[in-house]
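Take a look at the letters that make up each chain.
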2 protein chains.
Amino acid sequence: MSSHSVSGYSFAAPFQIPAPSPIRSLAPYANRPGTISMAGGYPATELFDVDGLNAAAAKVGGRLASCLQYSNIDGQAGLRMQLARLSAERGIRCDPDTELAVTGGSQQSLALLGRVLLQPGDAAIIESPGFPNSRQALHYTGATLHTAPSGPDGVDVDALALLVERVRPKLVSVVATFSNPCGATLNLERRRRLVELAARYRFLLVEDDPYGELRFEGEPIPPLLALAEGEQRKWVAYIASMSKTMAPALRMGWLIAPDEIRRRCVSAKAADDMASSAWIQEIVAQYIEDGRYHEHVPRIRAAYAARADALARALAEEMGSQVDFRKPQGGMFCWARLTGDIDSTRLLPYAIEHEVVYVPGKAFYGDPAQADLQAMRLSFATMNEAQIRTGIVRLRQALQACAAGEPTTITVPT
Amino acid sequence: MSSHSVSGYSFAAPFQIPAPSPIRSLAPYANRPGTISMAGGYPATELFDVDGLNAAAAKVGGRLASCLQYSNIDGQAGLRMQLARLSAERGIRCDPDTELAVTGGSQQSLALLGRVLLQPGDAAIIESPGFPNSRQALHYTGATLHTAPSGPDGVDVDALALLVERVRPKLVSVVATFSNPCGATLNLERRRRLVELAARYRFLLVEDDPYGELRFEGEPIPPLLALAEGEQRKWVAYIASMSKTMAPALRMGWLIAPDEIRRRCVSAKAADDMASSAWIQEIVAQYIEDGRYHEHVPRIRAAYAARADALARALAEEMGSQVDFRKPQGGMFCWARLTGDIDSTRLLPYAIEHEVVYVPGKAFYGDPAQADLQAMRLSFATMNEAQIRTGIVRLRQALQACAAGEPTTITVPT
């Protein structure tokens, strides 16, 4: 079944060739003092509600003895209730005892759903461009991954429908709101068609929604599960996370799925890690119960709105027709395209030399041949408005240097 | 590849038939007020060092802003250093940067090692009887699991050697010290032979060591990895956990494995859950650094020593020749065998009626046909000495009632 590596080990197929992360390989440059990084997928550190989290933790500390033991695999009952309420605010009704489970984040939710449904010989569909770690979670199931083209309007549902007809997937995963990397949001019509497709072809349609609450402009559009009616509900799952609204280090997320699927995800989680930390779960539940969550999210929204605005203005004013982009209405990312004959991979070493870093679009495609080489992902979440302006000025200068054929000493692994 | 369930879903092979847990099905009885439960695999709740953990958490609270962001997949550098030191005290030298990774507990460590090595068509070997969740973690890889007979002296290395020769496993997992359920400890000679076997047949020998530090009698025997020399080190991994020494709800463990394997486990963890909570990691590191860990473990040892002693005396004095057992030298479990013609499954409803619960030995065998039906696992960790005596008195009365053919109204799912 598997070949031996040089060292003599015989790894499972997906692990035979270790996959380097093109995004992580940028970290040494992004972390240089003085460099302005628009490369990270991180939320803003300075916006973390340290006081609120410490206050919740202090309350939980007073009852710590009661949350140190082994606990329910599917999560603390109080937290499940709070998460069901949050989901209801987004338009999703669910039974917190039979349809919702606490997980270690969206990543784990997707990994669990993939694990219970997919095996070698099965097909699954993801968006391209898309978040590499989501692809990785499904790749490790051994299933064959196909990609549906996506872009500034989200996944192309016509192309997806043809692909579904051809490969008969068991799972299709999308980010419907403020996607990573495109910052795209699917309109209501595309959402309805996706849900219909799922029910008709009987695949599980998974909506990963880490960014939905970070809308600072326009009207919210209901999540896919909120649009599913009757039998359609059997074919739609919703996964979400506290990483962008509270903090990534909580490692806290949830999934909502039909009972039969959820139950198996809980069995898979038992074998994977027994449960998520009840201590952290209690802190998160306390934080929401204290009203801190609903106070805090608007603060993030306001800050990101100002940053998105600063980015859009800087791009327009500094780079003009040299880039094409759409102003984000939420989330953390702007997908910008260079309009000239220099692509974003060629530009990158110059950008690094000019102390600004982004992620070339290529990093978000499983198949480099399909990649939009002109595109780049710019995160506006972690830099303040002045830094964003400076970053874009530097980007313009880098583009000039590159166009002028100046030499560069930087070599970026791609 | 897979068949459709009644509901229309087509699950991956290991999830087609949901596996009920025979241990979890006892929980409703074990949790009845007034019932004395020796069934749980839980550490003693009243021994948790709530003050020490709160003190560590308060210190980390002062620097919380620095540990809320996304973090290294392989763990916080400070915690890796502390865990390498703990491992060194157990006789294992390792490089905390290339050989050690923080995980969400022993369960996740084993799941990760299994995932990177095993796929359908591969073979792995586990002990029988053994911990069902360990079996489950490896089962979900799709590999074929074989069992090597184990017992009060640990795994039978002769039988294992024959099995290895026949099935050529890629992974063999054992608990070498105070095993679950047998409370067994492998002697030095068996350990050396295991390590030699691993190097000779080139399988990864995984030692799961959640209980090793809970020795209250006799001399410690070095872990398998401490016995591996030169090239042998390539074939031995060590996994351990804070669940029994600090608290299960931390969901904190670690693995030590050769760099090539560890690196792939870290990739697998990235796809599974991105990382363990940096917040909790910092609390654990602070707790160890403050010396609390080394103060606390002896308290657990002393309490468990007294409880093991109480259990051994109660069994001898109350049940005499009706049970066979070996007095535990550490850990949390005593493996006792009924010597008469009543087996532990038949006895269980009577025990429940007499308000005492244990886990029938059968629950720890993958293949019921191999099960030692006379055996039962008695946990001495969670009950005080008086409760233990009462529990064993009740067990004797249950045995009498069962032998007398009295009716019982209890039906336990098996």
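Residues numbered from 1 in each chain as written. Chains lettered and ligands numbered in written order. Predicted model: local features only at pLDDT ≥ 70, side-chain atom pairs only at ≥ 80, totals over all residues. Heavy atoms only, no water.

An unreviewed UniProt entry lists chain A under the name 2-aminoadipate aminotransferase, with Bordetella genomosp. 9 as the source organism. The record in UniProt for chain A states the following under Cofactor (unreviewed entry): "pyridoxal 5'-phosphate". (UniProt positions renumbered as here; feature names shortened; annotations may be inferred.)

This part is about the overall build of chain A. Helices and strands together make up the secondary structure of chain A, namely 13 helices and 13 strands. On C-alpha atoms alone, chain A measures out to a radius of gyration of 22 Å, which is about the 22 Å that the 2.2 N^0.38 rule sets for 414 residues. Along the longest, intermediate and shortest principal axes, the C-alpha atoms of chain A span 60 × 50 × 50 Å. Taking all 414 residues of chain A together, the buried fraction comes to 62%. By sequence separation, contacts in chain A at least 24 residues apart represent 76% of the contacts at least 6 residues apart. Put simply, chain A shows about 14900 Å² of open surface, and 51% of that area lies on carbon and sulfur atoms. For chain A, the distance from the average site of its 42 positive side-chain charges to the average site of its 44 negative ones is 2 Å. (Helix = DSSP H or I, 4+ residues; strand = E, 2+ residues; numbered from the N terminus. Rg over C-alpha atoms; globule rule 2.2 N^0.38 Å. Buried < 20%, exposed > 50% of the residue type's maximum accessible area, 1.4 Å probe, protein only. Contact = heavy atoms within 4.5 Å. Areas by Shrake-Rupley, 256 points an atom, 1.4 Å probe, with all protein chains shown as cover. Lys, Arg positive; Asp, Glu negative; His and termini not counted. Charge placed at Lys NZ, Arg CZ, Asp CG, Glu CD.)

Turning our attention to the pairing of strand S7 (residues 236-241) of chain A. Residues and elements named next belong to chain A. Judged by how many residues are buried, S7 sits mostly within the fold: six of six residues are covered. The alternating pattern of S7 places Val-236, Tyr-238 and Ala-240 and Ala-237, Ile-239 and Ser-241 on opposite faces, both of which are buried. In the sheet, strand S6 (residues 204-208) pairs with S7 via four bridges, with the strands oriented parallel. What sits directly across from Val-206, in S7, is Ala-237. (Pairing = 2+ DSSP bridges.)

Our next topic: the sheet that holds strand S6 (residues 204-208) of chain B. Residue and element names in this part refer to chain B. The seven strands lie next to each other as S2-S8-S7-S6-S5-S3-S4, forming an open sheet whose pairing is mixed. With partners counted over all chains shown, the strands left at the sheet margins are strand S2 (100-103) and strand S4 (144-149), one partner each. With direction set aside, neighbouring strand axes in the sheet form an average angle of 20°. Sheet topology note: the strand S3 (residues 123-128)/S4 ladder contains six bridges and is parallel. Looking across to S4, one finds that Glu-127 is bridged to Ala-148. Here helix H3 (residues 77-89) sits on the sheet in contact with S2 and strand S8 (253-256), set at roughly 110° to S2. Each of S3, S4, strand S5 (171-174) and S6 touches helix H5 (residues 132-139); the most contacted strand, S4, lies at about 150° to it. (Axes fitted to C-alpha atoms, helices over the stretch in contact; angles between N-to-C directions.)

Each aromatic ring pair is characterised by the separation of its centres together with the angle its planes make. A complete count under the given rule lists 16 aromatic pairs over all chains for this structure. Measuring from centroid to centroid gives 6.2 Å for Trp-335 of chain A and Phe-364 of chain A, while their planes differ by 75°, and the two rings are edge-to-face. Of this pair, Trp-335 of chain A sits in strand S10 (residues 333-338) while Phe-364 of chain A sits in the loop between strand S12 (359-360) and strand S13 (375-379), and the two are 29 residues apart along the sequence. Overall, the relative accessible area of 0% leaves Phe-364 of chain A in the buried class. Chaining the aromatic ring pairs together yields one cluster made of Tyr-9 and Phe-11 of chain A together with Trp-235 of chain B. Over the ring of Phe-11 of chain A we find Arg-264 of chain B; its NZ or CZ atom is 3.8 Å from the centre of that ring. (Phe/Tyr/Trp six-rings, centres within 6.5 Å; stacked < 30°, edge-to-face > 60°. Lys NZ or Arg CZ within 6 Å of the ring centre and 35° of its normal.)

On to the relation of the copies chain B and chain A. Placing chain B over chain A gives an RMSD of 0.0 Å and needs a rotation angle of 180°, together with 0.0 Å of translation along the axis. Those values place the two copies in the arrangement expected of a two-fold rotation axis. Comparing interface residues between copies, 99% of those in chain B also lie at the interface in chain A; the contact surface is shared. (Least-squares fit on C-alpha atoms with pLDDT ≥ 70 in both.)

For the rest of this paragraph, the subject is the interface of chain B and chain A. Contacts between the two partners involve 79 residues from chain B and, on the opposite side, 78 residues from chain A. Of the roughly 6700 Å² buried between chain B and chain A, counting both surfaces, carbon and sulfur atoms make up 60%. Its salt-bridge partner being Arg-115 of chain A, residue Asp-272 of chain B comes within 2.8 Å of it at the nearest N-O pair. Applying the counting rule to chain B against chain A returns 34 residue pairs in polar contact (both at pLDDT 80 or more). Listing elements by their share of the side of chain B that touches chain A, those giving two or more residues are helix H2 (50-61), helix H4 (106-117), H5, helix H9 (259-273) and helix H10 (278-289) of chain B. A per-element tally of the side of chain B that touches chain A places H9 of chain B first, with 10 residues. (Buried area = accessible area lost by both parts, 1.4 Å probe. Salt bridge = Lys/Arg side-chain N within 4 Å of Asp/Glu carboxyl O. Polar contact = N/O pair within 3.5 Å; in protein donor to acceptor, adjacent residues only side chain to side chain.)

Here we come to the nonpolar core. Counting 187 residues, the largest nonpolar core has Met-242 and Trp-279 of chain A together with Trp-279 of chain B as its most contacted members. Apart from residues no more than four positions distant in its own chain, Trp-279 of chain B is found in contact with Leu-53, Ala-57, Ala-249, Leu-250, Ile-280 and Ile-283 of chain A together with Val-60, Leu-64, Cys-67 and Leu-68 of chain B. In terms of nonpolar packing, the next biggest core, distinct from the first, is built from 59 residues, Cys-182, Ile-300, Cys-334 and Tyr-350 of chain B among them. (Core = buried A, V, L, I, M, F, W, Y, C linked by side-chain atoms within 4.5 Å.)

What follows deals with the sheet that holds strand S2 (residues 100-103) of chain A. Residues and elements named next belong to chain A. Read across the sheet, seven strands follow the order S2-S8-S7-S6-S5-S3-S4 without closing on themselves; strand pairing throughout is mixed. Taken across any chain shown, the strands that pair with only one partner, and hence form the sheet edges, are S2 and strand S4 (144-149). When the angles between neighbouring strand axes are averaged without regard to direction, this sheet yields 20°. As defined by bridge partners, strand S5 (residues 171-174) adjoins S6 across four bridges and the pair is classed as parallel. Residue pairing for S6: Val-174 is matched across the bridge by Glu-207. Against the sheet, helix H7 (residues 188-201) makes contact with S5, S6 and S7, and its axis sits at roughly 145° relative to S6, the strand it touches most.

Residues and elements named next belong to chain B. Inspection of the entire model under this criterion finds 52 salt bridges over all chains. A salt bridge links Asp-259 to Arg-263; the shortest N-O distance between them is 3.4 Å. One end of the pair is Asp-259 and the other is Arg-263, both in helix H9 and four residues apart, which spans about a single turn. A relative accessible area of 33% means that Asp-259 is categorised as partly exposed.

Attention now moves to the packing of helix H4 (residues 106-117) of chain A against helix H9 (residues 259-273) of chain A. Residues and elements named next belong to chain A. Running from amino to carboxyl end, H4 crosses H9 at an angle of 110°, the nearest separation of the two axes being 9 Å. When the axis of H4 is compared with that of H9, the two are roughly perpendicular. On the side of H4, the interface is formed by Gln-108, Leu-112, Leu-113, Arg-115 and Val-116, while H9 contributes Ile-261, Arg-264, Cys-265, Ala-268, Lys-269, Asp-272 and Asp-273. When grouped by side-chain class, the residues that make up the contact of H4 with H9 number six nonpolar, one polar and five charged. (Parallel < 35°, antiparallel > 145°, perpendicular 65-115°, else oblique. Nonpolar A, V, L, I, M, F, W, Y, C, P; charged D, E, K, R; others polar.)

The next subject is the UniProt feature "domain: Aminotransferase class I/classII large" (unreviewed entry) in chain A. Here, the residues flagged by UniProt with the feature "domain: Aminotransferase class I/classII large" (unreviewed entry) are residues 66-394 of chain A. Structurally, residues 66-394 of chain A is divided into 42% helix and 16% strand, and its ends, taken at the C-alpha atoms, are 53 Å apart.

Assignment of secondary structure puts Asp-49 of chain A in the loop between strand S1 (36-37) and helix H2 (50-61). When residues no more than four places from it in sequence are discounted, the contact partners of Asp-49 of chain A are Tyr-287, Arg-292, His-296 and Arg-299 of chain A.

All names here are of chain B. The residue after Ser-128, namely Pro-129, is reached through a cis peptide bond having omega 5°. Relative to the helices and strands, Pro-129 resides in the loop between S3 and H5. Going from Asn-180 to Pro-181, the amide bond is cis rather than trans, its omega being 15°. Positionally, Pro-181 belongs in the loop between S5 and helix H7 (188-201). Unlike most non-glycine residues, Arg-202 shows phi in positive territory, near 55°. For Arg-202, the location among the structural elements is in the loop between H7 and S6.

Our next topic: H7 of chain A. Residue and element names in this part refer to chain A. Spanning 14 residues, H7 covers 20 Å between terminal C-alpha atoms, matching the ideal 20 Å at 1.5 Å per step. What H7 keeps buried is the set Arg-191, Leu-194, Val-195, Leu-197, Ala-198 and Tyr-201. Down the axis of H7, the buried set is contained in an arc of 160°. They therefore lie on one face. Its buried side turned inward, H7 meets helix H6 (157-167), S5, S6, helix H8 (224-227) and S7. Positioned one or two residues after H7, Arg-202 has a phi angle of 55°, which is positive. (Expected span 1.5 Å × (residues − 1). Arc of directions from axis to C-beta.)

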